[in-house]
Amino acid sequence: MVHLSFWERQSFFNDIDIAIIGSGIVGLTTAIYIKRAHPALRVVIFERGTLPVGASTRNAGFACFGSMTELLDDLATKGEEEVFNLVESRWKGLLNLRQLIGDQ
């Protein structure tokens, strides 16, 4: 258990409107959208460690819509149209992410 001082509790954990768990792509994107929609809200992002350690840091530094083997596996369990729609949705999501945070 971590014991916080009075000042740490007051500075870091007081008056939080929305707490987001995880600072990966999903957590950070969620925080951005919430702050854009409601700038007055105090949004705090909690991460387990000093640096993020989730899936967003384990994807070789890029976002993708599925490898060829993943898509072939999907085809084995879903219809062709469903897989096509899934790839299209993922592609649109990537375009949205690029627009939100840029390519750098």
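Description of the packing of aromatic side chains
Inference 1: One pass over the structure, following the stated rule, counts 2 aromatic pairs.
Inference 2: Both rings, one in F6 and one in W7, keep their centres 4.8 Å apart while their planes meet at 80°; by these two values the pair is edge-to-face.
Inference 3: Look at W7 and you get exposed, because its relative accessible area is 63%.
Inference 4: Ring centres 5.8 Å apart and planes at 5° place the aromatic pair F13 and F46 in the stacked group. In this pair, F13 sits in the loop between α1 (6-12) and β1 (18-21) while F46 sits in strand β2 (residues 43-46), placing the two residues 33 residues apart along the sequence.
Inference 5: Overall, F46 belongs to the partly exposed group, its relative accessible area being 27%.

With respect to unusual backbone geometry
Inference 1: The phi dihedral of D15 falls on the positive side, at around 60°, and the residue is not glycine.
Inference 2: Overall, the relative accessible area of 59% leaves D15 in the exposed class.

Topic: the side chain of S23
Inference 1: Checked against the element boundaries, S23 lands in the loop between β1 and α2 (25-37).
Inference 2: Here S23 is in contact with L28, I45, F46, E47 and P52, once residues within four sequence places are set aside.

What about the pairing of β1?
Inference 1: Where β1 meets β2, 4 bridges bridge the pair, whose relative direction is parallel. Residue pairing for β2: I20 is matched across the bridge by I45.
Inference 2: Following the chain from β1 across α2 to the adjacent parallel β2, one finds a crossover that is right-handed.

Some thoughts on the environment of T50
Inference 1: Here T50 is to be found in the loop between β2 and α3 (68-77).
Inference 2: Under the relative-accessibility criterion, T50 is labelled exposed at 83%.
Inference 3: Taking C-alpha positions, T50 is 20 Å from Q10, a pair spaced 40 residues apart along the chain.

What counts as what
Residues numbered from 1 in each chain as written. Predicted model: local features only at pLDDT ≥ 70, side-chain atom pairs only at ≥ 80, totals over all residues. Heavy atoms only, no water. Phe/Tyr/Trp six-rings, centres within 6.5 Å; stacked < 30°, edge-to-face > 60°. Buried < 20%, exposed > 50% of the residue type's maximum accessible area, 1.4 Å probe, protein only. Helix = DSSP H or I, 4+ residues; strand = E, 2+ residues; numbered from the N terminus. Contact = heavy atoms within 4.5 Å. Pairing = 2+ DSSP bridges. Right-handed = clockwise from strand over helix to strand, strands pointing away.

Any link to function would need more than the numbers given here.
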